[in-house]
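Chain residues, written in single-letter form:
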Amino acid sequence: GNLADEIRIELEKRLAELLDFKIETFTRPPPAPSPFGITQSFSKEMSIEEFVGFPYKQILSYVLAFINGYSFDEVTSLSGAQKNKLKNIMQSSLETNQTIPKLADRINADLFDGKDLALASVIARTETVRAVNHGFLNSYEDRGVKRVKWITVEDQRTDDVCLELDGKVFDIAD
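Note that the coordinates shown come from a computational prediction; the quantities given were computed from them, not determined experimentally. (Residues numbered from 1 in each chain as written. Predicted model: local features only at pLDDT ≥ 70, side-chain atom pairs only at ≥ 80, totals over all residues. Heavy atoms only, no water.)

Visitor: Explain the overall build of the chain to me, please; I cannot follow it from the model alone.
Guide: Each helix and strand counted, the chain has eight helices and two strands in total. Along its sequence from the N terminus, the chain presents helices and strands in the succession α-α-α-α-α-α-α-β-α-β. With 174 residues in all, the chain has 37% of them scored as buried. At a minimum sequence separation of 6, the contacts of the chain that also span at least 24 residues come to 63%. Element-wise, carbon and sulfur atoms account for 50% of the exposed surface of the chain, whose accessible area totals about 10,000 Å². (Helix = DSSP H or I, 4+ residues; strand = E, 2+ residues; numbered from the N terminus. Buried < 20%, exposed > 50% of the residue type's maximum accessible area, 1.4 Å probe, protein only. Contact = heavy atoms within 4.5 Å. Areas by Shrake-Rupley, 256 points an atom, 1.4 Å probe, with all protein chains shown as cover.)

Visitor: Just to check I follow, could you spell out helix H6 (residues 100–112) for this structure?
Guide: Note on helix geometry: an α-helix contains 3.6 residues per turn, so any two residues three or four positions apart are oriented the same way. Between its first and last C-alpha, H6 extends 17 Å over 13 residues, near the 18 Å set by a 1.5 Å rise per residue. Of the residues making up H6, those classed as buried are Ile100, Leu103, Ala104, Ile107, Asn108, Leu111 and Phe112. The buried residues of H6 occupy an angular sector of 135° when the element is viewed end-on, so they sit on one face. Capping the start of H6 is the job of one residue whose side-chain oxygen sits 3.1 Å from the backbone nitrogen of Lys102: Thr99. Looking at the residues trailing H6, positive phi occurs at Asp113, about 50°. (Expected span 1.5 Å × (residues − 1). Arc of directions from axis to C-beta. Polar contact = N/O pair within 3.5 Å; in protein donor to acceptor, adjacent residues only side chain to side chain.)

Visitor: Looking at this structure, I do not really get the packing of helix H4 (residues 60–69) against helix H7 (residues 117–142). What am I missing?
Guide: Axis angle and axis distance: for two packed helices, these are the angle between their axes and the distance between the axes, and together they describe the pair. As a packed pair, H4 and H7 sit with axes 8 Å apart at the nearest point and diverge in direction by 115°. The handedness of the crossing between H4 and H7 comes out as right-handed. Contact residues: H4 offers Tyr62, Val63, Phe66 and Ile67, while H7 offers Arg130, Ala131, Val132, His134, Gly135, Asn138, Ser139 and Asp142. Grouping the amino acids of the contact of H4 with H7 by side-chain chemistry returns six nonpolar, four polar and two charged. (Axes fitted to C-alpha atoms, helices over the stretch in contact; angles between N-to-C directions. Left-handed = near helix turned anticlockwise from the far one by under 90°. Nonpolar A, V, L, I, M, F, W, Y, C, P; charged D, E, K, R; others polar.)

Visitor: Please clarify how the packing of aromatic side chains should be interpreted in this entry.
Guide: Where two aromatic rings form a pair, the distance of their centres and the angle of their planes describe that pair. This model, assessed by the stated rule, comprises three aromatic pairs. Residues Phe66 and Tyr70 carry aromatic rings whose centres are separated by 4.9 Å and whose planes lie at 25° to one another, so their mutual orientation is stacked. The same class applies to Phe66 as to Tyr70, namely buried. Geometrically, the ring pair formed by Phe136 and Tyr140 is tilted, given 5.2 Å between the ring centres and 35° between the ring planes. Highlighted residues: Phe136 and Tyr140, both in helix H7, separated by four residues, approximately one helical turn. Assessed through its relative accessible area of 12%, Phe136 is described here as buried. (Phe/Tyr/Trp six-rings, centres within 6.5 Å; stacked < 30°, edge-to-face > 60°.)

Visitor: I tried to follow the pattern of salt bridges on my own but got confused; where do I start?
Guide: Between side chains of opposite charge, pairing is possible as soon as their charged atoms come close. Counting across every chain of the model gives three salt bridges. Among the salt bridges present, the one from Lys83 reaches Asp73, with a minimum N-O distance of 3.6 Å. You can see Lys83 sitting in helix H5 (residues 80–96) and its partner Asp73 sitting in the loop between H4 and H5, a full ten residues away along the chain. Residue classification places Lys83 among the buried residues on the basis of a relative accessible area of 13%. Two residues, Arg106 and Asp110, come together in a salt bridge whose shortest N-O distance is 3.6 Å. With a gap of four residues between them, Arg106 and Asp110 both fall in helix H6, about one helical turn apart. In this structure Asp110 comes out as partly exposed when scored by relative accessible area, which is 34%. (Salt bridge = Lys/Arg side-chain N within 4 Å of Asp/Glu carboxyl O.)

The following block contains the structure:
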């Protein structure tokens, strides 16, 4: 195995121990050839499922429920009307498992008149990860999971906040 396989296996073991259920219920796609496969996902056409690394459709109803109730206030560069458009774009993209570049193109076209693909790409990645993570947390809560452990995979994009959170255990309600 390569480094990505080793990291994935260790993360799956830790998560399975913490959650006390078999991670195999989420069949993972083959790992990307890079040591940190996620960096490659920014430059090639990957579906949302490939981007997040597991068949998120198993929790899609939770993801869509999060999007439906989310105000997108974290996206401070958008107006209220743009946030409403983003909500609709995100819902349809997640339902159809669009690629991240296609989602970014749509955000760029619909919100920025085709003038800011860089910002649209950041929004596409960040908000997809946010929605899927919240979907997961909500599905865990429904299954009675009480606590989760933050595990940070370090690469060139890892920030100080994530490094500081690595290994910390949180009540799921937090």
